[in-house]
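# Structure assessment
Letter by letter, the chains look like this.
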Amino acid sequence: EGYEAYVLYAWGDPVSDGPAFRQDASNTAADQAVQAGMHHDALHYFAMVEGSAPSSTHGLLVVNHEYTDDGLLHADGMKTWTAEKVAKSQAAHGVSIVEARVDGGRWTILRPSRYARRVTGTTPIRVSGPAAGDAALRTRDDASGHVVLGTINNCAHGVTPWGTYLACEENFNGYFVNASGSLPPEQRRYGITAKGFGYRWHEFDERFDAAKHPNEPNRFGWVVEVDPWDPRSTPVKRTALGRFKHEGATVALAADGRVVVYMGDDERFEYVYKFVSSGRYRPGDREANRALLDEGVLHVARFDADGTGRWMPLVHGQGPLTAANGFASQADVLIRARSAGDALGATKMDRPEWIAVSPQGNDVYCTMTNNSQRGAKDRPGVDAANPRAANVFGHVVRWREAGGDPGSIAPFRWDVFARCGDPAHADADKRGDVRGDAYGSPDGLWFDPRGLLWIQTDISTSTLNKGDYANLGNNMMLAADVATGETRRFLVGPAGCEVTGVVMTPDLTTMFVDIQHPGESPSERADPDRPKATSSWPDGPSGGRPRSATIVV
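Described below are features of the structure shown in this document.

## Notes on the overall build of the protein
- Broken down by element type, the protein carries eight helices and 31 strands.
- The buried share of the protein, taken over its 553 residues, is 60%.
- Put simply, of all contacts in the protein between residues at least 6 apart along the chain, 63% involve residues at least 24 apart.
- Approximately 19,800 Å² of the protein is accessible, and the part contributed by carbon and sulfur atoms is 50%.

## As for the side chain of Glu 520
- As for its position among the elements, Glu 520 is in the loop between strand 30 (511-516) and helix 8 (530-534).
- Of note is the side chain of Glu 520, whose polar atom sits 3.3 Å from the side chain of Thr 461.
- Apart from the residues lying within four places of it in its own chain, the contact partners of Glu 520 are Tyr 67, Thr 461 and Gly 496.

## Side note on the packing of aromatic side chains
- Going through the model one piece at a time under the given rule, you end up with 30 aromatic pairs.
- When the centroid spacing of 6.1 Å and the interplanar angle of 70° are considered together, the rings of Trp 311 and Trp 399 count as edge-to-face. Placement of the pair is Trp 311 in strand 18 (residues 308-313) and Trp 399 in strand 22 (residues 395-400), with a sequence separation of 88 residues.
- With relative accessibility at 4%, the residue Trp 311 sits in the buried group.
- Arranged with centres 5.4 Å apart and planes meeting at 70°, the rings of Tyr 365 and Phe 447 form a pair that is edge-to-face. With Tyr 365 in strand 21 (residues 364-368) and Phe 447 in strand 25 (residues 442-447), this pair connects stretches of sequence that are 82 residues apart. When sorted by exposure, Tyr 365 lands in the same class as Phe 447, which is buried.
- Three or more aromatic residues joined by ring pairs make a cluster, and in this case those are Tyr 175, Phe 176, Tyr 199, Trp 201, Phe 208 and Phe 220.
- Against the face of Tyr 6 rests Arg 106, its NZ or CZ located 3.7 Å from the ring centre.
- Between the NZ or CZ atom of Arg 243 and the centre of the ring of Tyr 190, over which it lies, the distance is 4.1 Å.

## Things to note about the pattern of salt bridges
- The full count for this structure, using the stated rule, is 44 salt bridges.
- The closest approach of N and O atoms between Arg 419 and Asp 433, which form a salt bridge, is 3.5 Å. Highlighted residues: Arg 419 in strand 23 (residues 412-419) and Asp 433 in the loop between strand 23 and strand 24 (435-436), separated in sequence by 14 residues.
- A relative accessible area of 36% places Asp 433 in the partly exposed class.

## Quick word on the environment of Asp 427
- The topology assignment puts Asp 427 in the loop between strand 23 and strand 24.
- For Asp 427, a relative accessible area of 34% corresponds to the partly exposed category.
- Spatially, the C-alpha atoms of Asp 427 and Arg 258 are 46 Å apart, while their sequence positions differ by 169 residues.

## A word on the sheet that holds strand 1 (residues 6-10)
- One open sheet accounts for four strands, arranged 1-31-30-29; its pairing is antiparallel. Each edge of the sheet is formed by a strand with only one pairing partner; in this case those strands are strand 1 and strand 29 (498-504). Shown here is a sheet whose adjacent strand axes are inclined to one another by a mean of 30°, direction ignored.
- Sheet topology note: the strand 30/strand 31 (residues 549-552) ladder contains four bridges and is antiparallel. The residue bridging Ile 515 from the neighbouring strand is Ala 549, located in strand 31.

## Remarks on the environment of Val 223
- On the secondary structure map, Val 223 appears in strand 11 (residues 223-226).
- Residue class for Val 223 comes out buried when judged on its relative accessible area of 0%.
- Between the C-alpha atoms of Val 223 and Lys 245, which are 22 residues apart in sequence, the distance is 9.6 Å.

## Considerations on the nonpolar core
- Core analysis: the largest hydrophobic core is formed by 52 residues, its most contacted members being Val 261, Met 263, Tyr 273 and Leu 314.
- Elements represented by at least two residues in this core include exactly strand 10 (165-169), strand 14 (258-264), strand 16 (272-280), strand 17 (296-303), helix 6 (330-335) and helix 7 (337-344).
- It is helix 6 that contributes the most residues to this core, four residues altogether.
- Here Met 263 is in contact with Val 223, Leu 241, Phe 244, His 246, Gly 248, Ala 249, Tyr 271, Val 272, Tyr 273, Phe 275, Leu 298 and Ile 355, once residues within four sequence places are set aside.
- In terms of nonpolar packing, the next biggest core, distinct from the first, is built from 39 residues, Phe 417, Phe 447, Leu 464 and Leu 472 among them.

## Section: unusual backbone geometry
- For the peptide bond that leads from Arg 111 to Pro 112, omega is -5°, which places it in the cis range.
- Residues Trp 537 and Pro 538 are joined by a peptide bond in cis, for which omega reads 5°.
- One non-glycine residue, Phe 269, lies in positive phi territory at about 65°.
- Summarising the element assignment, Phe 269 is placed in strand 15 (residues 268-270).
- At Ala 390, a residue that is not glycine, the phi angle is positive and equals roughly 45°.
- Residue placement: Ala 390 occurs in the loop between strand 21 and strand 22.

## Considerations on the pairing of strand 14
- Burial runs high along strand 14: six of the seven residues are buried.
- The sheet contact formed by strand 14 and strand 16 spans six bridges and is antiparallel. Pairing of Arg 258 across the sheet is with Arg 280, part of strand 16.

## Some words on the pairing of strand 26 (residues 453-457)
- Counting buried positions along strand 26 yields five of five residues, so the element is predominantly enclosed.
- Here strand 26 shows a buried face lined by Leu 453, Ile 455 and Thr 457 and a second buried face lined by Trp 454 and Gln 456.
- Note that strand 25 and strand 26 share four bridges and pair antiparallel. By the bridge assignment, Leu 445 is partnered in strand 26 with Ile 455.
- What sits between strand 25 and strand 26 in their antiparallel hairpin is a turn of five residues, with Gly 451 showing a positive phi close to 95°.
- In terms of strand pairing, strand 26 meets strand 27 (residues 476-480) through four bridges, oriented antiparallel. Bridging from a neighbouring strand, Trp 454 pairs with Ala 479 of strand 27.

## Here's the deal with the sheet that holds strand 22
- Reading across from one edge, 13-14-16-17-18-23-22-21-20 is the order of the nine strands in this open sheet, with antiparallel pairing throughout. This sheet does not close on itself; its edge strands, each paired only once, are strand 13 (250-253) and strand 20 (352-357). The average undirected angle you get between the axes of adjacent strands in this sheet is 30°.

Conventions adopted
Residues numbered from 1 in each chain as written. Predicted model: local features only at pLDDT ≥ 70, side-chain atom pairs only at ≥ 80, totals over all residues. Heavy atoms only, no water. Helix = DSSP H or I, 4+ residues; strand = E, 2+ residues; numbered from the N terminus. Buried < 20%, exposed > 50% of the residue type's maximum accessible area, 1.4 Å probe, protein only. Contact = heavy atoms within 4.5 Å. Areas by Shrake-Rupley, 256 points an atom, 1.4 Å probe, with all protein chains shown as cover. Polar contact = N/O pair within 3.5 Å; in protein donor to acceptor, adjacent residues only side chain to side chain. Phe/Tyr/Trp six-rings, centres within 6.5 Å; stacked < 30°, edge-to-face > 60°. Lys NZ or Arg CZ within 6 Å of the ring centre and 35° of its normal. Salt bridge = Lys/Arg side-chain N within 4 Å of Asp/Glu carboxyl O. Pairing = 2+ DSSP bridges. Axes fitted to C-alpha atoms, helices over the stretch in contact; angles between N-to-C directions. Core = buried A, V, L, I, M, F, W, Y, C linked by side-chain atoms within 4.5 Å.

Function cannot be inferred from these measures alone, as they are strictly geometric.
Structural data, given as structure tokens:
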């Protein structure tokens, strides 16, 4: 009560003065390249400066578009398959930049806008940092290893102090196939299979055949820096931040001005990372800050049973990361960051996702969405930081760096902030210890400037309102008081959706939230009609295809 919510920017809406969305999905690939992509995920509001203050009524919205459901994207779903459909799917990936302002008391997208643009699955993107030009990044189409076409599966994000956006490539492996029958160990380590996730891009874009082009997968799984203020700028893949399934890239400043980036690798039994730059942030000198993410040290976390933790450097030549152990160079360490973490003995976590740093004391929080395989046969068992077997509800881990300094690499202190669950569950281990409203599968995480922690959930549609999750309802967003641990539900999404991405205007009167894949069903990719029976949000019963969207609260 007391809040208003409405849709601002949905899949297929033009970013500027391009064509409008058609409910029959007859828009072309060229249309889609200048329209909102599918499946909004992370987002950020970059305020215009009016006078000397950031505006709370006019700014740029930057939105990730994580993936596509081709059953919805095309008029006949996947009944036929063509090069045009692959091109349209690629165009529906990436990032949107739109200009938004308040007009007549309501937020609208400003069209046309000189800032508006799309970054897609085929946009040329520069590679920088230690792995740029490495032999493992060179391909038939890019003999230099310096330019990649596209960014895909952008999940969570980060924002730099110099006003750029960090889009993070997560489940890139699903776009590749390797049906050769001989899968290289590193492709296997990153989850590439003979069939992929069913995108079928390789049928008309050969670079996604990992057997024919084994280096192409190495060009994805990076953090991509995008400058929203310069529509002519080229996005950059920052290889110093490591290659893995990046859920996000949360930026903080060390006490001495170095730039710190916290990152989670979103898969069962993967790791938490921290990058610390060599150079220091220089306020007001945007040009000097451009290369800060290219030089520094990437670390991986170990959470020990005594409540302390260590940041272990991923530096070639140190510890086991030597040529004798199969690591040829620093570029190789970063390209194979997961294997480097294995070698260092990092703690295998329960799907580390979004990371948020408190504005009051710099405590760091990280969601562990779930891990039903914890403790299963031939899988790692419980440990102090991942204390539940068959962890279907997930938890939130918190740590405090030495001296409260994000740049510290001294041992840190950690604890479990919340074990998620259902207090009414028959299994005591699944009741959790949440104070207030129950929730599970925590995913999105963001601190507002007051220190209130916003938690968003991503319960799989295969379990939503079923089994262990029978009592929790649809995915939601909650507010948590980290001092007391009290958590209260604020927003509940439409059927079948994930609630993800949140930011406020500087005056804290407007909140932007993304609603992803409303109406989703487990068989959506094969049957485009099933999701419509679940939800036709946001266009209502007379609409049809459900559309991911950014809403205003």
